[in-house]
Amino acid sequence: MSGSSETGAGKVATPELFDKVVNLTKRRGFVYPSAEIYGGFRSTYDYGPIGVLLLRNVKDAWWRSMVQLRDDVVGLDASILSPPAVWEASGHLKNFTDPLVDCRHCGARHRLDKLDDPEVCPTCGTRGNFTEARQFNLMFKTHAGPVEDSAAVAYLRPETAQGMFINFSNVLTTSRKKPPFGIAQIGKSFRNEITPGNFVFRTREFEQMEMEFFVPPAEAQRWYEYWCEERHRWYLDLGMPAEKLRLRAHADDELSHYSSGTSDVEFLFPWGWDELEGIANRGDYDLTQHSEHSGERLDYFDPATNERYVPHVVEPAAGATRTMMAFLMAAYDEEEVRGETRTVLRLHPRLAPYKVAVLPLSKKPELAAEAR
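Everything numeric here is computed off the predicted structure, so don't read it as measured data. (Residues numbered from 1 in each chain as written. Predicted model: local features only at pLDDT ≥ 70, side-chain atom pairs only at ≥ 80, totals over all residues. Heavy atoms only, no water.)

1. Section: the sheet that holds strand 6 (residues 109-111)
For step 1, the next point in the chain: The antiparallel open sheet is built from three strands, whose spatial order is 6-5-7. In this open sheet, the two strands that pair with only one neighbour each are strand 6 and strand 7 (134-137). Adjacent strand axes in the sheet meet at a mean angle of 45 degrees when their direction is disregarded.
For step 2, the next point in the chain: As paired strands, strand 5 (residues 97-102) and strand 6 are joined by three bridges and run antiparallel to one another. (Pairing = 2+ DSSP bridges. Helix = DSSP H or I, 4+ residues; strand = E, 2+ residues; numbered from the N terminus. Axes fitted to C-alpha atoms, helices over the stretch in contact; angles between N-to-C directions.)

2. Regarding the nonpolar core
For step 1, the next point in the chain: If you look at the biggest cluster of nonpolar residues, it comprises 54 residues, and the most contacted ones within it are Tyr 235 and Met 240.
For step 2, the next point in the chain: Sorting the residues of this core by element identifies helix 1 (15-27), helix 2 (49-68), strand 11 (205-215), helix 7 (220-237), strand 13 (261-269), strand 14 (272-283), strand 17 (312-319) and helix 9 (320-331) as the ones contributing at least two each.
For step 3, the next point in the chain: For this core, the element with the highest residue contribution is helix 9, accounting for nine residues.
For step 4, the next point in the chain: Judged by nonpolar contacts, the second largest core, of 17 residues, contains Val 74, Met 164, Phe 165 and Leu 298. (Core = buried A, V, L, I, M, F, W, Y, C linked by side-chain atoms within 4.5 Å. Buried < 20%, exposed > 50% of the residue type's maximum accessible area, 1.4 Å probe, protein only.)

3. Describing the pairing of strand 18 (residues 332-337)
For step 1, the next point in the chain: Pairing of strand 18 with strand 19 (residues 340-345) involves six bridges; the strand directions are antiparallel. Considered in strand 19, the bridge of Glu 335 is made with Arg 342.
For step 2, the next point in the chain: The loop that links strand 18 with its antiparallel partner strand 19 comprises two residues; one of these, Arg 338, has a positive phi angle of about 50 degrees.

4. Here we look at helix 8 (residues 285-294)
For step 1, the next point in the chain: Looking at helix 8, one finds that the buried residues are Tyr 285, Asp 286, Leu 287, Gln 289 and His 290.
For step 2, the next point in the chain: Contacts made by the buried residues of helix 8 are with helix 3 (84-90), helix 5 (161-166), helix 6 (168-175), strand 11 and strand 14.
For step 3, the next point in the chain: Following helix 8 by one or two positions, Gly 295 has its phi on the positive side, about 80 degrees. (Contact = heavy atoms within 4.5 Å.)

Rendered as structure tokens:
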């Protein structure tokens, strides 16, 4: 694995490339199917000795950029388990759903909004034989304590964001920050996806890298534009080829009900352009909702202007695991050496799992120089 900042920029994102990268991850210890000796467990993966290093380097690079090199962002590590009240206030209990249809012919289950043709089953090709769409909540429900009753219901978080909203006052008081400032977090999230797939791109258990940036209402649009540019640049600085990366603004009919603007950082995967990260201008929806449902004030008093207001929030939210996958796809290359084809990962030095390698089992032992 090379420490070069160059990438396989000229490689076309083909299905063959996807298969090569997936096979490489298993063969070289990046990613294993979870519970493989028991036949595996769909949409779950274990990260091997090299994969865990690469994934950690991706997260460390994000944390360094978002927290360590800034004086206006602090960190948080919130609980994975939450009571229903949190998700009722955030709207997840009511709105965090996907439209689910079943094919009456083959029994396959699909997300209606992800079908190329809403009348045709992609599994068996039957037309017009779907059940009526029904809304399926994506949150994992569990019970906290020895008794499984309604009073003990808890949920695994589907996103890390809410922990930062409900801790807004705690962080504001203890860190002595004032808007504009951010709270950042890296952690596991869980979504009971109807149709997980594309390797580690869409799984039911994954890691997110999220930051909530709290700003005075009048400054929200400026900071939204700032974070769109900043997050797009982060991928380029780590060697992502510019032609495989784009920043796409959402159309009005794509926006969430709380968003006045959202843009996605997208990567050109073998199946087409898909999201790595979303940057959303969320307004004051989250703090207002939690304030109303909890009865606690979640606002800020500015002594300089003698003004009290609920900050607006700009949220850059990235998937750590799918970002790692994109860097692998971009870095994959093949080169011919003395008549033999070998695989090379041209990863940025900050991401490369190995900085120095001693290879005693190669045909001609060589000492790999420290990565530039």
